[in-house]
Each structure stands twice: as C-alpha cells, then as structure tokens.
Amino acid sequence: MAEPVHWRADGVPRSARFDDIYHTETGALAQSRHVFLGGCGLPAAWADRPQWLILETGFGFGLNFLTTWQAWRADEHRPRLLHFVSIEAYPVAREDLVRAAVAHPELAELAAALAAQWHGLLPGFHRLSFDDGRVLLTLCIGDVQPMLRAQRFEADSLFLDGFSPQSNPAMWSPETLKAVSRFARPGTRIATWTIARAVRDALAQNGFQVEKHKGFPPKRDCLRGVFAPAWTVRRRGPLPVRIDTPGHCAVVGAGLAGAAVAASLARRGWRVTVLDAADHAAAGASALPVGLLAPHVSPDDALLSRLTRAGIRATWQALESLLEEGRDWAATGVRELRTDGDVRVPPGWSPEGPNESFPADGAALWHARAGWVRPGALVQAWLRQPGISVRYGARVTAFVRADAGLRLIDPAGATLLEADRIVLAGGIDGAALAPALPLQPVRGQVEWGHAARGAARLPAIPLNGDGHLIAQVPDADGALWLTGATFDRDSRDLAPRAADTAANRARLARLHPAAADALASAFADGSAQSWVGVRCASADRRPLVGPLEEAAMPGVWVSTAMGSRGLTFAALCAELLAAHWHGEPLPLPAPLAHALDTRRLTRRR
Ligand SMILES: Cc1cc2nc3c(=O)[nH]c(=O)nc-3n(C[C@H](O)[C@H](O)[C@H](O)COP(=O)(O)OP(=O)(O)OC[C@H]3O[C@@H](n4cnc5c(N)ncnc54)[C@H](O)[C@@H]3O)c2cc1C
Ligand SMILES: C[S@@+](CC[C@H](N)C(=O)[O-])C[C@H]1O[C@@H](n2cnc3c(N)ncnc32)[C@H](O)[C@@H]1O
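All figures in this text were calculated on a predicted structure; none of them were measured in a lab.

Enquirer: I tried to follow the packing of aromatic side chains on my own but got confused; where do I start?
Expert: Each aromatic ring pair is summarised here by two numbers: the centre-to-centre distance and the angle between the ring planes. Under the defined criterion, the tally for this structure stands at 20 aromatic pairs. Here the aromatic rings of F18 and Y90 are separated by 5.8 Å at their centres, their planes lie at 55°, and the arrangement is tilted. Placement of the pair is F18 in the loop between strand 2 (13–15) and strand 3 (20–21) and Y90 in the loop between strand 5 (81–88) and helix 3 (94–102), with a sequence separation of 72 residues. Relative to F163, the ring of Y22 lies with its centre 5.0 Å away and its plane at 70°, an arrangement referred to as edge-to-face. With Y22 in the loop between strand 3 and helix 1 (28–37) and F163 in the loop between strand 8 (155–160) and helix 6 (174–181), this pair connects stretches of sequence that are 141 residues apart. Just above the ring of W72 sits the side chain of R78; from NZ or CZ to the centre is 5.1 Å. Here the basic side chain of R421 rests over the ring of W581, its NZ or CZ set 4.6 Å away from the ring centre.

What follows is the structure, encoded as structure tokens:
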C-alpha cells in the first residue's frame, strides 16, 4: 500500500503518520536549492569530477532529487555520472508524486520521467536510470537503519531530510546519524534544514564540523557541515576504491553479457574493445530469434525472485532508451501457467499493490512488466554506444600479465590486444578461459517460424509455464513465432534433434492446444525450423559477476553464467560490475549483490 498523503487546501502535502508537512508552503524548490544543494556547495563542488555520489535520508516527493538532477543537466561542468541514493520507508503513490510536481512546472519533464519509473516499489533497492544511464537514482525502500546497513560507499554529499526530529525521531537518532557518518570521507559535506541541538551534537560526535547558516524563509536557519574528524576513522574492511581515470578494457564475448558490460563501462569513460571469435555479434546463445523477459515469482519472495525483479528493471530501462518498441521488443505482459496450480504470491501482493505480478485467475499468474525481446537487437544497440569498438574473428585463448597491464593471446600465440582490464563474458565457449569457475553447458532447442500476421489462433500475449510460446512478433516475413525449450545438461551439441522437436510440440499442445493445432501445418510442410543454443549455467544457477582469480590474475573479471535468463540478468550484472570497479553505490542490497558474486563460490572452495 502506498503511503496516504493529505493534501491541504493550500496544496501542501501533509503526512498524518508524522503530523508534519512534506515541504513548506512557498518556494519548495528554492528551499531545496538553498538548503541542500547550496549547503553542500553544489553545483560548484562537483565541477569536472567523473562521478558525484549523494546520499539522502527521506525521499518523499523527490524534490531534492529533481532539483539536483535539474542542476546537473544545466551545468556544463557536470560529472559524467550522478548517483543519488535515497532512503524511504513509506513511498507515496504515483498519483501523489505527479500531483506534487504540478506545482513546479519547471520540473515537469523530469517529474514525468520519475513518475514513469515509479512502480513496483516493494521493500528493497530499486535502481532508476535517467538520461541514458548517467543519472542513477537508487531508491532504498525500507526503514532508514537497515537500509543504511545494506550498502557501503563513500558519498560526496549527504542530505538529511526526515520530518521534524520531534515527530520523526528515528530519522535523527544518534544511531541513524552514526550510520550516516559511515558514508562520509574527509571533506564530505552534509546539509539539513533542522538546527535541533540533538542533531548538531550527534553530528559533531560523529566527526562533522557543523555550523548554522542563514535559512530560506520562512525558516530562519539551516545547518551545513563537513566531515573532518579529529581522529583517524576505523572502518570495517576497506572501502571500495573509486577509479577516477578509466583506461582501456577488453571484453571477451559480443553476446548479451559482453555487450551490456561494454555499454556500462563506456558510459563511465572506459575505452572498450569487445573481442569475439565469431564474425558477427550475438553469435552464441544470444542468437536466439526472440526471448521472454519475465520475472520469477515465489510465495516466499525467494532470492531468485528478488534478483529477477531487479534485473528486469535494469533491462527495461535499456529497452526503453535504446530499442524500438513493437519491432525489437514489446511490453506485452506475460501470462504464466503454473502446472502445479500453485499461483501463490507473497502476502499483500495484488493488482492494486506495488507489485507487478499477481494471480490472474485460478491457474495463472499475470506479469505486467514483462514481454518479448529480440536479443540480437539489444546486443547491437549496446555495442553501438560511443567508446566501444568490436573486433570479430578474434578468438582469445589465454590472458597473461604484461608490463603495462594484461595481454590477450590468440590461438597462434600472438598478442591480440593489451588492456588495463579484461572482462570475460564468453558464455559457455568462454568456460575454457575460466577453469576456476564451475560452469556447465545446458543445450536447448526451440522451434520457430513465421505465420501470417494476426494469425487468429496464435496468442498476442506470450505464455510461460512448462515451456513457452511467443507469437505475433512483427517480422519482414510475417509474424514470427517461437516455442520451446528443451534443457540438456552437459551437452554442447548444436545439431537439431527430431526428438526435441517432438517434445517441444507436445509441450505446446499442453500449453496452448489451439496454437499447437494452428502450427501443425508449419511442421508438416517443413517451414518450421529448429534453433539450438547452449546456455552457460553456474552450480547454483545464478549468474557470476566478479574477479576471476583475485590473487593470480588481478584485473580480470567475469560476467557470465546467465543460464536461461540472459535478457533478465545481463544489464544488471554489467551495472553491478561497473559499480564494483568505481566504488559506486550498488544496484542491489549487499546480500543480493553477494549472491551474484564469483567470490561466493571461489571463497567457499
Ligand atoms: C533454447 C534457448 C532458449 C532461451 N530462451 C531465453 C529466453 O526466453 N529469455 C532469456 O532471457 N534467455 C533465454 N535463453 C538464454 C540466453 O540466450 C542466454 O542466457 C544469453 O544469450 C547468454 O548470453 P552471453 O553473452 O552470456 O553468452 P553468448 O550469447 O553465448 O555469447 C558469448 C560470446 O562469446 C564469444 N566467445 C566465447 N569464447 C570466446 C573466446 N575465447 N574468444 C572470443 N570470443 C569468445 C562467443 O563467440 C559468443 O559470441 C535461452 C537460451 C537457449 C539456449
Ligand atoms: C520531509 S520528507 C522528505 C522530502 C524529500 N526529501 C523531498 O525532497 O521531497 C521525509 C521523508 O522521510 C520518510 N521517513 C520517515 N521516517 C522514516 C524512516 N524511519 N525510514 C525511512 N524513511 C522515513 C517519510 O516517509 C518522508 O517521505
């Protein structure tokens, strides 16, 4: 349930829970600029920095975020990437967000973009991405203290914006302010509108030098400070290193995983060379003609379910900003038939709630934010991003350390390339380069073909269950359809098998008998084709992102083991890898990020 907002007659939003208003009657934006941006010396402080990281307590209607984003857009010396991390226990409904923005026409465009991504805000982290991934908003939905504990990075600016300390003590308690101070480095500036004595004292005790500053009417004062502890700060473990001058990175593999990594790194200023043994992009498993993008749902909201939601959000943003809807992908929604009849979802999920998957009827789940995607189109779009070059026919057989970085070697023993860092994203063919990782081939076959557009008995909505059916995908030769898939562990055989075709047809007959009938002639006249690919899976079926062998080969990382969900995981894994390299806020809470990390397997061994 979204947090109810009480709109006063003068248009000011008020919280009944905290008996306080969200922002003042007049000049909310000027307030935000004066107290928070001005309080942290912005925009001047971020001039020409590669990235700027802001942590805020209390997202509310996001006015601080919107004014910061607006200032970033207007500044020709803006950092390449702006990270805004904000914690909010009680997110408001989208309608209220939109209503609040009406009062600020100068922010209308940004507020509309925010509202468009304001969905599915279940407890946890949500990475919203704007301006082609250069403005990244991480919404941490939950109580302030656990949300602060679930992440670790060095912030450049800290905004404290709870309701008043009297009505909202949890946001200003000594424990909360201590937890906030863990994000400060010497020089980090902090700003807030309250000058309450207890807040000033707690900040001072945690290493901030604070002073009262002239406030913005009707407030007389506000508070500004800087982290300058008189003692040496002891941290639990080293903080992530921030790379300020990205170099040259070689990415092995021009499939979904490699192309996504290339785009994430290029956006952060890396010069990226993608190497692929094939003579074109998306030649491996990513050559799949069309794939499903749909979340995993479980009654206990298991780890995989949470990971797939985060992954779909990341992919969705890429699809919306890079591809043409209706041609390269479609937000059709997906209907999932549960063969065991279990359509339970976590308690409280409903079509009216913040989730986007819910029981559709007695035997099916409806996934609203789901659809079909052409993997090849997404790979091509990622590889077209500035800063990326691609070399085909370049098979990598080894990496060696060189004086000035790392060298990639071809089958003849010659040097293909030298780079500062390498990311291995070679799917199952890349497994030979990563013997330390437990990667398993899983062969899969699908059947596909073309039908006359709008063919009556083929559903426009993709179906998932025991097998899947995607139909009505617009294509030059009519409407593309695809159904499958088989799973054969430890097989890399790319030859189609008649037995698999029969198995896929039998599955389709159970999933959608009318479609099976409609497609029978395509199988009879030979126009249906089989496509075979080999998935790359890890031992626990989750992707692997992290260093390959930290000690033996520093600088070589992997993003692989996408299994049967490359469309769901490639973009998320790429952003996670880039965030690790740059000491950025992670797109996932720490335990979920760990669940994807190579070190979960290598350290255990
Ligand atoms: C039958 C089937 C159905 C599927 N359906 C779906 C679906 O509906 N939805 C979904 O999300 N996912 C689906 N998948 C999974 C999806 O296709 C994969 O997860 C995804 O394509 C993997 O991408 P990747 O980049 O990791 O690997 P790949 O696409 O295999 O790319 C690896 C690339 O690395 C290159 N390479 C490897 N080794 C080297 C080397 N040493 N030197 C140079 N280049 C190298 C290869 O040439 C290749 O181009 C399906 C897979 C199969 C097989
Ligand atoms: C004054 S409003 C924030 C205004 C916001 N920064 C803006 O720019 O619109 C304070 C916010 O803190 C949130 N909040 C209050 N207590 C919280 C807690 N314990 N944990 C997380 N968020 C909390 C409230 O729900 C509210 O949205």
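Enquirer: In this structure, what is going on with the sheet that holds strand 6 (residues 124–130)? I would like to understand it.
Expert: Backbone-to-backbone hydrogen bonds join strands into a sheet, with any given pair of strands oriented parallel or antiparallel. With mixed pairing, the eight strands of this open sheet are ordered in space as 6-7-5-4-8-9-11-10. Only two strands of the sheet have a single partner each, and these edge strands are strand 6 and strand 10 (208–214). Taking each pair of neighbouring strands and ignoring which way they run, the sheet shows an average axis angle of 20°. Bridge count between strand 6 and strand 7 (residues 135–141): seven bridges; the pairing is antiparallel.

Enquirer: What is the right way to read the site of ligand 1 from this model?
Expert: D276, S286, L292, V396 and G563 are the nearest of the 36 residues found near ligand 1. One nitrogen or oxygen atom from the main chain of A285 is found 2.9 Å from an oxygen atom belonging to ligand 1. A total of 1,000 Å² of accessible area belongs to ligand 1 in isolation, and the protein chains cover 95% of it. Counting only elements with at least two residues in the shell around ligand 1, the list comes to helix 8 (256–267), strand 14 (291–293), strand 25 (439–451), strand 30 (529–538) and helix 13 (566–582).

Enquirer: Help me out: how do you make sense of the site of ligand 2 in this one?
Expert: As a matter of local geometry, ligand 2 sits amid 21 residues, with G58, N64, E88, D143 and D161 nearest to it. G62 places a main-chain nitrogen or oxygen 3.2 Å from an oxygen atom of ligand 2. L63 places a main-chain nitrogen or oxygen 3.1 Å from an oxygen atom of ligand 2. For ligand 2, whose unbound accessible area comes to 600 Å², protein coverage reaches 97%. Classifying every residue of the shell around ligand 2 by side-chain character gives ten nonpolar, seven polar and four charged.

Rules behind the numbers
Residues numbered from 1 in each chain as written. Chains lettered and ligands numbered in written order. Predicted model: local features only at pLDDT ≥ 70, side-chain atom pairs only at ≥ 80, totals over all residues. Heavy atoms only, no water. Phe/Tyr/Trp six-rings, centres within 6.5 Å; stacked < 30°, edge-to-face > 60°. Helix = DSSP H or I, 4+ residues; strand = E, 2+ residues; numbered from the N terminus. Lys NZ or Arg CZ within 6 Å of the ring centre and 35° of its normal. Pairing = 2+ DSSP bridges. Axes fitted to C-alpha atoms, helices over the stretch in contact; angles between N-to-C directions. Near = heavy atom within 4 Å. Polar contact = N/O pair within 3.5 Å; in protein donor to acceptor, adjacent residues only side chain to side chain. Areas by Shrake-Rupley, 256 points an atom, 1.4 Å probe, with all protein chains shown as cover. Nonpolar A, V, L, I, M, F, W, Y, C, P; charged D, E, K, R; others polar.

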